[in-house]
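Understanding the architecture of this molecule
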Amino acid sequence: MTKALDGVRILDFTHVQSGPTCTQLLAWFGADVIKVERAGEGDATRGQLRDIPGVDSLYFTMLNHNKRSITLDTKKPLGKEVLETLIKDCDVLVENFAPGALDRMGFSWERIQELNPKMIVASVKGFGPGPYEHCKVYENVAQCAGGSAATTGFDDGPPMVTGAQIGDSGSGLHLALGIVTALYQRTQTGRGQKVLTSMQDAVLNLCRVKLRDQQRLERTGVMEEYPQYPNGTFGDSVPRAGNASGGGQPGWILKCKGWETDPNAYIYFVAQAPAWGVICRVIGKEEWISHPDYATPRARLPRLMEIFATVEEWTKTMTKFQAMDEMNQFDIPCGPILSMKEIAEEPSLRATGTIVEVDHPERGKYLTVGNPIKLSDSPTEVERSPLLGEHTEQVLAQLGYTGEQIAHLRSEHVI
Ligand code: COA
C-alpha cells in the first residue's frame, strides 16, 4: 500500500525532542526522512538518560523511528557541499537549532531559496519574534512562558509543570501540520515557504481555554466552576484550578478503593448535567434530584466540593475499574487514572498500534508509542531508529557520490 507522503523527502536537521517528534510523524506518514547528525556524537539524546551503557537511549529511539541517519560536519567546506546537494534534493528542511544557528552555518533562508526555490524550511524556536527570540528554550521554559505552569496545580501551591510534553512534542505536532499545509500550498504555487512554530505559541494554543477564562474573570470577577468559588478569593489573573474541569461540565478526581497505598487508585468523575438524575440514584442520593439546592447546574455550583466528596464516599467502596463499569452503565462520563505501567500493559492499545514493541539491534525489544494519528489508506509500520550514520553511504550514493568521493569525505572527517 502506498503512504500519504510517499515521494516527499525531508532533510531532518532536528535534535532533542520537538523537531524529532515532527519528523517522526512525517516518516510515519511515508516521507523519506534523512536525519543529519554530527559524526561521533550525533543527536545529544542518543547519550542522555541511558538505561544500557553504550546503547542509544530510549529517549532517542522513541523519537526517531522510520528515519535514516547520516553523519555530516556541516561546518566544513566539503560538508557544506554535501548539505547543498541535499537541499537541492529534498522538499523540506526541518530544524530546531538555537536561533541563528542555520544562518551561522551559512544557510540563510535566502541561500536555501537560491539552491532550491521549492524548499520548505520549517523551524521550531522557543519564542517567536520579540524580546525573547534569541533565547534557547527547553520544554519547561515553554510551559512556563505559554501559560501552562501558571494555571496548573493547586491554589495553595506553586506553579506546576505537567508531565505531558506540550512544549516539545506539542510544538512538533504543530510544525508537522504547518509542513503538510505548506506542501499542499506548494502544489498550487510551486514555491517553498518558511514555517515557524514557537514553543511558547504551541503551549499557549493548548492553553487557549485559560485565556478564555482570563477574559471571563476580568468581566465578572469570579468563575463559579473554579474551586476558589464560593469560599476562596480570585485575584486579577486565572488561578490554578486543581483538578477542576476545563470545560462547562464540572469534574474532579476522586479516591477509589486502595487509594491509601496505590497512588493511582483514583477516577476522574464528571457531574455532567444531563446525567444528574442517574448520578444521584447511583450514589443513593435520590433526594438531590429535585431538591432546589441541587436540582440545577447553577444551584450545584457553590456545592460542587460537597457533591464530589459525597460521590467519593461511593467511589471509595470500589476499585477505579469497578467505578468505571458502574458509571459507564449509565453513561456517566468518567475515567480511571491509569498508571504508565497499566497503559504499557493494556491489550487494546497494543491492538491498535498505539503501544508498539520494537526490536533494536543493540538494545533488544522495547516499547514505544506508535502513531497516534491513524490514516485508513496510509497505515503506519513502526521501524526502529537508525544507528548513528547507519545510512551515510547509502544516502550519499543516492545523491550521486562515488565510492571514491565517499572515502575522501571519510578521510577528511566530514562524514
Ligand atoms: N555539523 C556541524 N555543526 C553542527 C551540526 C552538524 N551536523 N549540527 C549542529 N551543529 C552546530 C550548530 O550549527 C550550532 O553551532 P553554533 O552554536 O556555532 O551556531 C551547534 O551545533 C549547537 O546547536 P544548538 O542548537 O545551539 O544546540 P544546544 O545544545 O546548545 O541547544 C537547544 C539546544 C534545544 C536549547 C537549542 O537548539 C534550541 O533552543 N532550539 C530551539 C528550541 C527547541 O527546539 N527546544 C526544544 C528542544 S526539545
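Refer to the structure above for everything that follows.
Read on for a plain summary of the structure.

**Re the overall build of the protein chain**
Along the protein chain, the regular secondary structure elements total 17 helices and 11 strands. Oriented by its inertia axes, the alpha-carbon framework of the protein chain measures out at about 85 × 45 × 40 Å. Taken over 415 residues, the protein chain has a buried fraction of 45%. Counting only contacts in the protein chain whose residues sit at least 6 apart along the sequence, the fraction spanning at least 24 positions is 65%. Accessible area of the protein chain: about 20,600 Å², with a carbon and sulfur share of 54%. The centroid of the 42 positive side-chain charges in the protein chain is displaced by 2 Å from the centroid of its 52 negative side-chain charges.

**With respect to a nonpolar patch on the surface**
The grouping of Leu 173, Ile 373 and Leu 375 at the surface amounts to a nonpolar patch, some 220 Å² of accessible area in total. Relative to the helices and strands, Ile 373 is located in the loop between strand 11 (364–369) and helix 16 (392–398). Its relative accessible area of 35% is what places Ile 373 among the partly exposed residues.

**Things to note about the side chain of Ser 18**
Looking at where Ser 18 falls in the secondary structure, it is placed in helix 1 (residues 18–28). The class for Ser 18 is buried, based on a relative accessible area of 4%. A distance of 3.1 Å separates the side chain of Ser 18 from the side chain of Asn 96, its partner in a polar contact. If we ignore the near neighbours within four places in the chain, the residues touching Ser 18 are Asn 96, Val 124, Asp 168, Ser 171 and Gly 172.

**Here we look at the layout of surface pockets**
The computed volume of the largest pocket comes to approximately 820 Å³. For the lining of the largest pocket, the secondary-structure elements that each account for two or more residues are strand 2 (32–37), helix 4 (101–104) and strand 5 (120–125). Here the lining of the largest pocket is composed, by residue class, of 15 nonpolar, 8 polar and 10 charged. In this structure, the second largest pocket encloses a volume near 710 Å³.

**Some details on the site of the ligand**
Around the ligand sit 23 residues, and of these Lys 75, Ala 98, Arg 104, Lys 136 and Val 137 come closest. A distance of 2.9 Å separates a nitrogen atom of the ligand from a polar atom in the backbone of Leu 72. Take Phe 97: an N or O atom from its main chain is 3.4 Å from a nitrogen atom of the ligand. If the ligand stood free it would expose 940 Å²; the protein chains cover 84% of that surface. If you map the ligand onto the pockets, it falls in the largest pocket. Looking at side-chain class alone, the shell around the ligand contains 10 nonpolar, 6 polar and 7 charged residues.

**Regarding the pairing of strand 5**
With 6 of its 6 residues buried, strand 5 lies for the most part within the structure. Bridge count between strand 4 (residues 92–95) and strand 5: 4 bridges; the pairing is parallel. Considered in strand 5, the bridge of Leu 93 is made with Val 121. In terms of strand pairing, strand 5 meets strand 6 (residues 194–198) through 5 bridges, oriented parallel. Each bridged residue has a counterpart across the sheet, and for Ala 122 the counterpart in strand 6 is Val 195.

**Comments concerning helix 9 (residues 208–220)**
Its 13 residues place the ends of helix 9 19 Å apart at the C-alpha level, agreeing with the 18 Å of an ideal helix rising 1.5 Å per residue. For helix 9, every residue scored as buried is listed here: Lys 210, Asp 213, Gln 214 and Leu 217. Within helix 9, the buried residues cover an arc of 110 degrees as seen down the axis, which keeps them to one side. Helix 9 presents Arg 208, Arg 219 and Thr 220 as exposed residues on the side facing more than 90 degrees away from its buried surface. Phi turns positive, to about 75 degrees, at Gly 221, one or two residues after helix 9.

**A look at the packing of helix 1 against helix 7 (residues 168–189)**
Viewed as axis vectors pointing N to C, helix 1 and helix 7 meet at an angle of 45 degrees, and their least axial separation amounts to 7 Å. When the axes of helix 1 and helix 7 are compared, the pair comes out oblique. Crossing handedness for the pair helix 1 and helix 7: right-handed. Each of Ser 18, Thr 21, Cys 22, Leu 25 and Leu 26 in helix 1 lies in contact with helix 7, whose residues at this interface are Asp 168, Ser 169, Ser 171, Gly 172, Leu 173, Leu 175, Ala 176, Ile 179 and Val 180. For the contact of helix 1 with helix 7, the class distribution of residues is 8 nonpolar, 5 polar and 1 charged.

What counts and what doesn't
Residues numbered from 1 in each chain as written. Predicted model: local features only at pLDDT ≥ 70, side-chain atom pairs only at ≥ 80, totals over all residues. Heavy atoms only, no water. Helix = DSSP H or I, 4+ residues; strand = E, 2+ residues; numbered from the N terminus. Buried < 20%, exposed > 50% of the residue type's maximum accessible area, 1.4 Å probe, protein only. Contact = heavy atoms within 4.5 Å. Areas by Shrake-Rupley, 256 points an atom, 1.4 Å probe, with all protein chains shown as cover. Lys, Arg positive; Asp, Glu negative; His and termini not counted. Charge placed at Lys NZ, Arg CZ, Asp CG, Glu CD. Patch = residues over 30% accessible without salt bridge, like charges linked within 9 Å, V, L, I, M, F, W, Y side chains within 5 Å. Salt bridge = Lys/Arg side-chain N within 4 Å of Asp/Glu carboxyl O. Polar contact = N/O pair within 3.5 Å; in protein donor to acceptor, adjacent residues only side chain to side chain. 1 Å grid on protein atoms, 1.4 Å probe; cavity = no way out; pocket = protein on both sides within 12 Å on 5 of 7 lines; lining within 4 Å. Points joined across faces, edges and corners; volume = space filled by probe spheres on them. Nonpolar A, V, L, I, M, F, W, Y, C, P; charged D, E, K, R; others polar. Near = heavy atom within 4 Å. Sits in = over half its atoms within 2 Å of the grid points. Pairing = 2+ DSSP bridges. Expected span 1.5 Å × (residues − 1). Arc of directions from axis to C-beta. Axes fitted to C-alpha atoms, helices over the stretch in contact; angles between N-to-C directions. Parallel < 35°, antiparallel > 145°, perpendicular 65-115°, else oblique. Left-handed = near helix turned anticlockwise from the far one by under 90°.

Shape is all these values report; function is a separate question.
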